[in-house]
Amino acid sequence: MEAIRKQATKLREQVARQQQAVFKQFGGGGYGGSDNVVTDEAELKLHQKLEKLYISTRAAKHFQRDIVRGVEGYIVTGSKQVEIGTKLSEDSRKYGFENTCTSGSTLSRAAKNFSRARAQMEKERGNLLKSFGTQVAEPLRAMVMGAPLEDARHLAQRYDRMRQEAEAQAVEVSKRQARVREGAGNPDMIMKLEAAESKLQDLKSNMAILGREAASAMAAVEAQQQKMTLQRLISMIESERAYHQKVLEILDHLEGEMVSERQRIEAAPPTAPVETPPPPSYEEVNNAFTSPMPNGSNDEVDYFLGEAMYTFRAESDSELGLSTGDYVVVRKVSNNGWAEGECKGRAGWFPLGYIERRERVLASKVTNIF
C-alpha cells in the first residue's frame, strides 16, 4: 500500500512539472502565468520533507511496537522462570530442614544455602521484569498509541488531500485559460477563469500554512520518538546489567559456601580413623594410676596442648566432648589410649587418637580453651 502511495505521489509531481513546462511555454498572455502552478520549488521541498517525516515516524513507531512486544514476551517467559525457580528454592529449603541423614548435616546446610540464594536470584529476576514493564514497555506503548503522533499524521494527511485538490484546481484553471484564448475574450469565460484562479490561490495559501504546521508537528514527534526510544533502550540495558551484577554476587557467595562444605567433607571422614578404645577403668578415673613416664614412674605427665581432629561425643559425665578444631589441655594419658584434659571450661576423658599434639598455638585460640 505504501509503495502504491509513493508511486502515485511521484506521478502527481511529474504531471505538475509537465504542466509547469507547458504553462511557461504557452502562458505568455495576461492569464496563466507560472504563479498558477501548484508545485513550485518551496512547496515541492515541503512536500518531500513531509514524505520523509512520515516514513521516519512510521518506522520508529513500528520499532517501538516491536520493542514492546519483545519486552512483553520476555516478561511472560521470565515470570514462568521465576515460578520454576521459586518452587526449586522451596523444595531445597524443605530438604534442608527435614533431612534426617545420620552421617552428617553437610548436605542439609548446602541445601539451605542453595534455597536462600535461589530465592534471592528469583527476587532479583522479578524486580528486573517489573522494571522492564514500568520503564520500557508502558512508556513506549503510550507513545505508540498517543495523541501527538496521530494528530501529526492527521495534519499530514489533510495536507496531502488539500494538495490533491489544488492540483485538480490547477488543471481546471489551465482548461479555462485555453477556453478564454479560444473564445476571444468572452466576459463570462474570463469571469469563471478569474474565479478558478482565485480558488487556486486560496488553496495554495491554505496548503502552504497546513504544510508548515504538519511538518512542524511531524518533526516534533520524530524528535520525541528518537529521544524516548533511546532512553528506554538505555534503561533496559542498565536494569539488566544491574540484575546480572547482583546475581553474580549471589552466585559467588553461594559458591564459596558450597566449596567450604565440600572441603569439610573431603578433609575429615564422618567417623574417627581409629577404633575407639574402652573408657579408662575406675582406678584411672579416680587418679589411681596414669601412663608410665620414661623413668618408669606413674606420676602425672607434663601438660601439653592438643587440637581435636575429629568430633567426639561424650557418653557419660566423666567424658569430655570435643568438636573438630577444639584445643584441649591434656593433663593425663591412660594406658589404654584415653587422655584426660580440659576444654572450654569442661574437663573429662576422651580418646587420645582424636587429637594431635601442638607445640605452638595462636593466642586467640588459647583464650578459647579455658
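Presented here is a report on the structure given in the accompanying data block.

Here is what the cut-offs are and how they apply
Residues numbered from 1 in each chain as written. Predicted model: local features only at pLDDT ≥ 70, side-chain atom pairs only at ≥ 80, totals over all residues. Heavy atoms only, no water. Axes fitted to C-alpha atoms, helices over the stretch in contact; angles between N-to-C directions. Helix = DSSP H or I, 4+ residues; strand = E, 2+ residues; numbered from the N terminus. Parallel < 35°, antiparallel > 145°, perpendicular 65-115°, else oblique. Left-handed = near helix turned anticlockwise from the far one by under 90°. Nonpolar A, V, L, I, M, F, W, Y, C, P; charged D, E, K, R; others polar. Pairing = 2+ DSSP bridges. Core = buried A, V, L, I, M, F, W, Y, C linked by side-chain atoms within 4.5 Å. Buried < 20%, exposed > 50% of the residue type's maximum accessible area, 1.4 Å probe, protein only. Contact = heavy atoms within 4.5 Å.

**Some remarks on the packing of helix H2 (residues 41–98) against helix H3 (residues 106–144)**
Part 1: H3 packs onto H2 with a crossing angle of 160 degrees between their chain directions and a minimal axis gap of 8 Å. In this view, H2 runs roughly antiparallel relative to H3, as classed from their interaxial angle. For the pair H2 and H3, the crossing hand works out as left-handed.
Part 2: When its residues are assigned to classes, the contact of H2 with H3 shows 21 nonpolar, 13 polar and nine charged.

**As for the sheet that holds strand S2 (residues 327–333)**
Part 1: Reading across from one edge, S4-S3-S2-S1-S5 is the order of the five strands in this open sheet, with antiparallel pairing throughout. Each edge of the open sheet is held by one strand with a lone partner, namely strand S4 (346–351) and strand S5 (355–358). When strand polarity is set aside, the average angle formed by the axes of neighbouring strands in this sheet is 45 degrees.
Part 2: Both strand S1 (residues 304–308) and S2 contribute to a ladder of four bridges, which runs antiparallel. Each residue of the ladder has a partner; that of Gly-306, found in S2, is Val-328.

**Let's talk about the nonpolar core**
Part 1: Core analysis: the largest hydrophobic core is formed by 18 residues, its most contacted members being Leu-50, Tyr-159, Met-162, Met-207, Leu-210, Ala-215 and Met-218.
Part 2: Those elements giving two or more residues to this core turn out to be H2, helix H4 (147–182) and helix H5 (187–267).
Part 3: Setting aside residues up to four positions removed in sequence, Met-218 forms contacts with Leu-50, Leu-53, Tyr-54, Thr-57, Ala-152 and Arg-153.
Part 4: Core analysis: the next-biggest nonpolar cluster, separate from the first, contains 16 residues, Tyr-310, Leu-322, Trp-349 and Ile-355 among them.

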